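The residues making up each chain are set out below.
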There are 2 protein chains.
Amino acid sequence: MAPRRSESLSRERIVAAAIEVLDAAGEGGLTFRVLSERLATGPGAIYWHVANKGELLGAATDAVVLAALEEEPASGSPQDRVRAVALGLFDAVDDHPWIAAQLSAGAWQAGTPRIVEAVGRQVRALGVPQRDWFVTTTVLVQYVLGAAAQNAANAQAARPGTSREEMLDAMATRWEELGPDEWSFTRTIGDQMRDHDDREQFLAGIDIALAGIAALYPPP
Amino acid sequence: MAPRRSESLSRERIVAAAIEVLDAAGEGGLTFRVLSERLATGPGAIYWHVANKGELLGAATDAVVLAALEEEPASGSPQDRVRAVALGLFDAVDDHPWIAAQLSAGAWQAGTPRIVEAVGRQVRALGVPQRDWFVTTTVLVQYVLGAAAQNAANAQAARPGTSREEMLDAMATRWEELGPDEWSFTRTIGDQMRDHDDREQFLAGIDIALAGIAALYPPP
DNA sequence: ACCTGAACACCGTTCAAGT
DNA sequence: ACCTGAACACCGTTCAAGT
């Protein structure tokens with residue numbers, strides 16, 4: 001059922017529709033034909049408002065990231081606020097897995113400064129000396145975006161019909177069956193991989209980074 | 001000039017040719033038609049050895065990752081060996097930027113266990129208690145892959161004709177011109193972003209993680 | 001078993017023509 | 001200024017037919 005054309009086309013309406021399509025069908029499912037049908041126009045019409053598919057994906061990612069950052073609470077310790085920003089982005093990637101590729105590839109797009117600002121303020125509050133603000137903040141942001149992206153990819157990787165548990169179990173079993181010498185480490189962590197919780201694992205990374213920052217820049 | 005068909009087709013020859021095309025023309029440049037022309041066959045022939053484009057990209061990524069890990073030295077402190085593995089992957093991504101998308105998306109493919117093994121052995125040597133081996137190793141691997149991927153994306157983002165310096169300078173200037181209140185942090189790190197070195201920045205992340213591990217699991 | 005190459009069902013993007 | 005929709009130049013993938 002083609003939706004009736006209530007309002008005229010606009011960049012915002014196009015981006016909103018693109019997000020719906022992406023959430024429902026993934027990046028491969030977003031097509032100018034599908035999108036224009038949903039908007040009750042022709043494919044060419046979209047190009048009046050958006051330069052190309054890449055820009056459309058970028059705009060959709062930005063919208064999702066901005067929405068995620070707005071929920072960020074304005075109080076708590078710097079550590080807690082870093083965790084809050086990180087978890088907000090983690091959940092956003094979880095809800096919209098297609099932004100993962102954009103975040104790790106689209107590199108420092110329009111939405112990224114917001115993330116930098118949100119994280120950087122806590123880095124400053126943590127007592128990191130000014131000359132290391134950029135490095136420290138970037139490291140945190142890179143971890144958050146990179147880890148969230150890889151988590152989303154893992155979640156997507158399951159072939160339809162296979163649950164997360166089945167997939168983890170299969171992979172853990174494969175690891176446990178590796179050669180004893182060449183794989184002396186990997187063999188032993190199969191059951192930890194089977195049992196782990198993605199969110200906890202992600203937060204453990206934040207805690208390692210925060211502990212490292214505290215160790216390198218001890219508060220007075 | 002179409003190369004003469006010296007040997008018969010094989011998965012290895014196809015993957016090797018794919019890597020050459022990818023290095024020269026990027027992911028968008030890899031086409032079954034281009035590839036088959038280079039191999040002096042028809043596009044259909046490739047499908048006898050490779051299931052589809054995704055599998056081909058995965059195999060190419062694996063080959064590059066395995067080659068990078070083989071250069072890893074077998075001596076040094078655990079910290080230095082973590083740095084060596086990390087830098088090896090960083091450089092591999094730098095030389096073959098197209099693997100970035102694979103590494104952050106292809107999640108735990110065939111090459112990943114090797115990375116886990118290489119990093120995990122050092123985590124073990126660092127004295128991390130066994131019950132935290134999986135989390136700690138995964139955090140390090142996620143940082144390495146995520147940060148390397150984002151660095152590659154940044155390097156690629158420059159439009160042809162723009163140097164890295166020009167791009168960084170333009171971005172730094174944009175940051176410095178942001179509103180004083182809303183962007184009180186981001187405004188101040190423009191010059192650090194202008195001057196930073198990608199490799200050093202990447203290694204700083206490793207050092208923060210190692211410092212965090214040392215703080216959370218103090219050696220006896 | 002392995003390769004050929006035409007054909008299929010798509011894509012993103014453009015653009016003359018309309019309003 | 002904005003929209004239409006046919007057309008262009010591609011894709012990945014399949015498959016009957018060959019060797």
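Quantities reported herein were computed from a predicted structural model and do not represent experimental measurements.

What follows covers the overall build of chain A. Helices and strands together make up the secondary structure of chain A, namely eleven helices and zero strands. For chain A, the N- to C-terminal ordering of α and β elements is α-α-α-α-α-α-α-α-α-α-α. Dimensions of chain A, computed from the C-alpha atoms along their principal axes, are close to 60 × 50 × 25 Å. Taken across its 220 residues, chain A has 49% of its residues classed as buried.

Taken together, 18 residues lie near DNA strand C, and Arg33, Tyr47 and Lys53 of chain A together with Thr41 and His49 of chain B sit nearest. The share of sugar and phosphate among atoms of DNA strand C within 4 Å of the protein is 52%. Leu30 of chain A is positioned such that a nitrogen or oxygen atom in its backbone is 3.4 Å from a phosphate oxygen of DNA strand C. Interatomic distance of 3.4 Å between a side-chain N/O atom of Trp48 of chain B and a phosphate oxygen of DNA strand C. Of all the secondary structure elements, the ones that give two or more residues to the surface near DNA strand C are α2 (32-38) and α3 (43-49) of chain A together with α3 (43-46) of chain B. Per-element accounting of the surface near DNA strand C gives the leading share, three residues, to α3 of chain B. Taken together, the residues that form the surface near DNA strand C break down as seven nonpolar, seven polar and four charged.

Between the first and last C-alpha of helix α8 (residues 133-157) of chain A there are 36 Å, a value that for 25 residues agrees with the 36 Å anticipated at 1.5 Å per step. In terms of burial, α8 of chain A is a largely internal element, 21 of the 25 residues being buried.

Inside soluble globular proteins, nonpolar side chains tend to come together where they are buried. If you look at the biggest cluster of nonpolar residues, it comprises 134 residues, and the most contacted ones within it are Leu35 of chain A together with Leu35 of chain B. Beyond its immediate sequence surroundings of up to four residues, Leu35 of chain B is in contact with Ile14, Ala17, Ala18, Val21, Leu30, Ile46 and Leu56 of chain B.

Turning to the packing of helix α5 (residues 78-95) of chain A against helix α11 (residues 198-216) of chain A, a few remarks are in order. Residues and elements named next belong to chain A. Following both chains from N to C, one finds α5 and α11 inclined at 145°, their axes separated by 11 Å at the closest point. Pair α5 / α11 crosses with right-handed handedness. Here Gln79, Val82, Arg83, Ala86, Leu87, Phe90 and Asp91 of α5 come into contact with α11, specifically with Asp198, Arg199, Phe202, Leu203, Ile206, Asp207 and Leu210.

Once that is clear, we can look at the relation of the copies chain B and chain A. The two copies are related by a screw operation: chain B maps onto chain A through 180° of rotation and 0.0 Å of translation along the axis, at an RMSD of 0.0 Å. Overall, the copies show the geometry of a two-fold rotation axis. A symmetric contact is evident, with 100% of the interface residues of chain B recurring at the interface of chain A.

What follows is about the pattern of salt bridges. Residues and elements named next belong to chain B. Per the stated rule, a full pass over the model turns up 20 salt bridges over all chains. Arg194 is the salt-bridge partner of Glu176, the closest N and O atoms lying 2.6 Å from each other. Residue Glu176 is found in helix α9 (residues 164-176), and its partner Arg194 is found in helix α10 (residues 190-195); the two are separated by 18 residues along the sequence. Relative accessible area serves as the criterion here: at 28%, Glu176 is assigned to the partly exposed category. A relative accessible area of 26% means that Arg194 is categorised as partly exposed.

Residues and elements named next belong to chain A. Along the chain, Arg13 turns up in helix α1 (residues 11-29). Separated by 201 residues in the primary sequence, Arg13 and Ala214 have C-alpha atoms spaced 45 Å apart. A polar atom in the side chain of Arg13 sits 3.4 Å from the backbone oxygen of Ser8.

For the rest of this paragraph, the subject is the side chain of Thr186 of chain A. Note on placement: Thr186 of chain A falls in the loop between α9 (164-176) and α10 (190-195). Owing to a relative accessible area of 0%, Thr186 of chain A belongs among the buried residues under this scheme. Setting aside chain neighbours within four positions, we find Thr186 of chain A in contact with Trp175 and Leu178 of chain A together with Pro113, Val116 and Glu117 of chain B.

A few words on the interface of chain B and chain A. In many analyses, interface size is given as the accessible surface area lost on bringing the parts together. Across the boundary between the two partners, chain B contributes 56 residues, which contact 56 residues of chain A. Taking both partners together, chain B and chain A bury about 5000 Å²; carbon and sulfur atoms supply 64% of that area. Taken together, the connections running from chain B to chain A amount to two salt bridges. In this structure, Arg114 of chain B and Glu182 of chain A form a salt bridge, with 3.3 Å as the shortest nitrogen-oxygen distance. Inspection of the region where chain B meets chain A yields 21 residue pairs in polar contact (both at pLDDT 80 or more).

Next up on the list: the protein's contact with DNA strand D. Around DNA strand D, the surrounding shell holds 18 residues, and the nearest of these are Thr41 and His49 of chain A together with Arg33, Tyr47 and Lys53 of chain B. Restricting the count to atoms of DNA strand D within 4 Å of the protein gives a sugar and phosphate share of 52%. The contact in question runs from a phosphate oxygen of DNA strand D to an N or O atom on the side chain of His49 of chain A, over 2.5 Å. The contact in question runs from a sugar or linking oxygen of DNA strand D to an N or O atom on the side chain of Thr31 of chain B, over 3.5 Å. Looking at the surface near DNA strand D, the elements with two or more residues in it are α3 of chain A together with α2 (32-38) of chain B. In terms of residue count, α3 of chain A provides more of the surface near DNA strand D than any other element does, five residues in total. Looking at side-chain class alone, the surface near DNA strand D contains seven nonpolar, seven polar and four charged residues.

Moving on, we come to the packing of aromatic side chains. All names here are of chain A. One pass over the structure, following the stated rule, counts eight aromatic pairs over all chains. Seen in terms of ring centroids, Tyr143 and Phe202 are 5.9 Å apart; in terms of plane orientation they differ by 15°. Their pairing is stacked. Here Tyr143 is found in helix α8, whereas its partner Phe202 is found in helix α11, with 59 residues between them in sequence. What makes Tyr143 buried here is its relative accessible area of 5%. Feature note: the residues Phe90, Tyr143 and Phe202 constitute an aromatic cluster, connected by ring pairs.

Calculation rules
- Residues numbered from 1 in each chain as written.
- Chains lettered and ligands numbered in written order.
- Predicted model: local features only at pLDDT ≥ 70, side-chain atom pairs only at ≥ 80, totals over all residues.
- Heavy atoms only, no water.
- Helix = DSSP H or I, 4+ residues; strand = E, 2+ residues; numbered from the N terminus.
- Buried < 20%, exposed > 50% of the residue type's maximum accessible area, 1.4 Å probe, protein only.
- Near = heavy atom within 4 Å.
- Polar contact = N/O pair within 3.5 Å; in protein donor to acceptor, adjacent residues only side chain to side chain.
- Nonpolar A, V, L, I, M, F, W, Y, C, P; charged D, E, K, R; others polar.
- Expected span 1.5 Å × (residues − 1).
- Core = buried A, V, L, I, M, F, W, Y, C linked by side-chain atoms within 4.5 Å.
- Contact = heavy atoms within 4.5 Å.
- Axes fitted to C-alpha atoms, helices over the stretch in contact; angles between N-to-C directions.
- Left-handed = near helix turned anticlockwise from the far one by under 90°.
- Least-squares fit on C-alpha atoms with pLDDT ≥ 70 in both.
- Salt bridge = Lys/Arg side-chain N within 4 Å of Asp/Glu carboxyl O.
- Buried area = accessible area lost by both parts, 1.4 Å probe.
- Phe/Tyr/Trp six-rings, centres within 6.5 Å; stacked < 30°, edge-to-face > 60°.

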